[in-house]
Amino acid sequence: GAVVSQHPSWVICKSGTSVKIECRSLDFQATTMFWYRQFPKQSLMLMATSNEGSKATYEQGVEKDKFLINHASLTLSTLTVTSAHPEDSSFYICSASQELNYGYTFGSGTRLTVV
Amino acid sequence: EDQVTQSPEALRLQEGESSSLNCSYTVSGLRGLFWYRQDPGKGPEFLFTLYSAGEEKEKERLKATLTKKESFLHITAPKPEDSATYLCAVGSSNTGKLIFGQGTTLQVKP
């Protein structure tokens, strides 16, 4: 079946630094990738949608200059949290879709802690 | 507005005690209703996709059904390893997005 690999699984960084999270589709080409954020005991909140080779579309309220998304190839999307602050601490999850009707495969998530 | 509501928020069952989880939805164009299982600290694990009213799918102790307004996830004779958060989501044909409900946290006690 379709597999999405997300790295790192956890990261701790200092305030003011930037962190990059990678999301790779291992056995299929992902035309669309999605980035979610999840707070404790809450559901997944969509942050942005990215299509290969084009700019990401951000959800209302998500700062595009803080959360930089790059979808350079059909198998790789990255999320960079720039100038991270403690309030950015959260669980970030990516999802990839080959064709929307075929479903959405999720990565294992990245726990970001900003100290 | 596209919206997904799950109930109950939390459910405690004894091992072997069957029950159902509900997912009510409104979406401008349904491009699939999805059920996922999520364990703490992990990403959602795909369970089922349903596309049209009347459709049913089964996997081990789980069975998902779909109507025009809601979906049910039936759990038959659950085991402690079924304890997890179950997420329902609808795909929108208009936006291509996947909209999630708040989830139902299931605890099955031995």
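Use the structure listed above.
My aim in this report is to walk through the structure given alongside it, one point at a time.

Calculation criteria
- Residues numbered from 1 in each chain as written.
- Chains lettered and ligands numbered in written order.
- Predicted model: local features only at pLDDT ≥ 70, side-chain atom pairs only at ≥ 80, totals over all residues.
- Heavy atoms only, no water.
- Helix = DSSP H or I, 4+ residues; strand = E, 2+ residues; numbered from the N terminus.
- Rg over C-alpha atoms; globule rule 2.2 N^0.38 Å.
- Buried < 20%, exposed > 50% of the residue type's maximum accessible area, 1.4 Å probe, protein only.
- Contact = heavy atoms within 4.5 Å.
- Areas by Shrake-Rupley, 256 points an atom, 1.4 Å probe, with all protein chains shown as cover.
- Lys, Arg positive; Asp, Glu negative; His and termini not counted.
- Charge placed at Lys NZ, Arg CZ, Asp CG, Glu CD.
- Buried area = accessible area lost by both parts, 1.4 Å probe.
- Salt bridge = Lys/Arg side-chain N within 4 Å of Asp/Glu carboxyl O.
- Polar contact = N/O pair within 3.5 Å; in protein donor to acceptor, adjacent residues only side chain to side chain.
- Pairing = 2+ DSSP bridges.
- Axes fitted to C-alpha atoms, helices over the stretch in contact; angles between N-to-C directions.

1. Quick look at the overall build of chain A
Thought 1: Each helix and strand in chain A was counted, giving 0 helices and 11 strands.
Thought 2: Seen in sequence order, chain A has helices and strands lined up from the N terminus as β-β-β-β-β-β-β-β-β-β-β.
Thought 3: The C-alpha radius of gyration of chain A comes to 13 Å, within 12% of the 13 Å expected for a compact globule of 115 residues.
Thought 4: Dimensions along the principal axes, computed over C-alpha positions, put chain A at roughly 40 × 25 × 20 Å.
Thought 5: The buried share among the 115 residues of chain A stands at 51%.
Thought 6: Summarising the internal contacts of chain A: among those between residues at least 6 apart in sequence, 54% fall at separations of at least 24.
Thought 7: Per element, the accessible surface of chain A, about 5700 Å² overall, is 52% carbon and sulfur.
Thought 8: Here chain A carries 9 positive and 9 negative side-chain charges, and the mean point of each set is 8 Å from the other.

2. Some details on the interface of chain A and chain B
Thought 1: Contact with chain A, which involves 17 residues of that partner, is made by 17 residues of chain B.
Thought 2: Both faces considered, chain A and chain B share a buried interface measuring about 1500 Å² in area, 54% of it formed by carbon and sulfur atoms.
Thought 3: On the surface where chain A and chain B come into contact, there are 1 salt bridge.
Thought 4: Residues Glu59(A) and Lys97(B) are paired through a salt bridge, measuring 2.7 Å at the closest nitrogen-oxygen approach.
Thought 5: One can count 5 residue pairs in polar contact (both at pLDDT 80 or more) joining chain A with chain B.

3. So, the sheet that holds strand β7 (residues 67–73) of chain A
Residue and element names in this part refer to chain A.
Thought 1: If you trace the 4 strands from one edge of the open sheet to the other, you get β1-β3-β8-β7, paired in antiparallel fashion. Among the strands making up the open sheet, the edge pair consists of β1 (4–7) and β7. For this sheet the average axis-to-axis angle between neighbouring strands, irrespective of direction, equals 15°.
Thought 2: Note: strand β3 (residues 19–25) against strand β8 (residues 76–81), 6 bridges, orientation antiparallel. Each bridged residue has a counterpart across the sheet, and for cysteine 23 the counterpart in β8 is serine 77.

Don't take any of this as a statement about function, it's just geometry.
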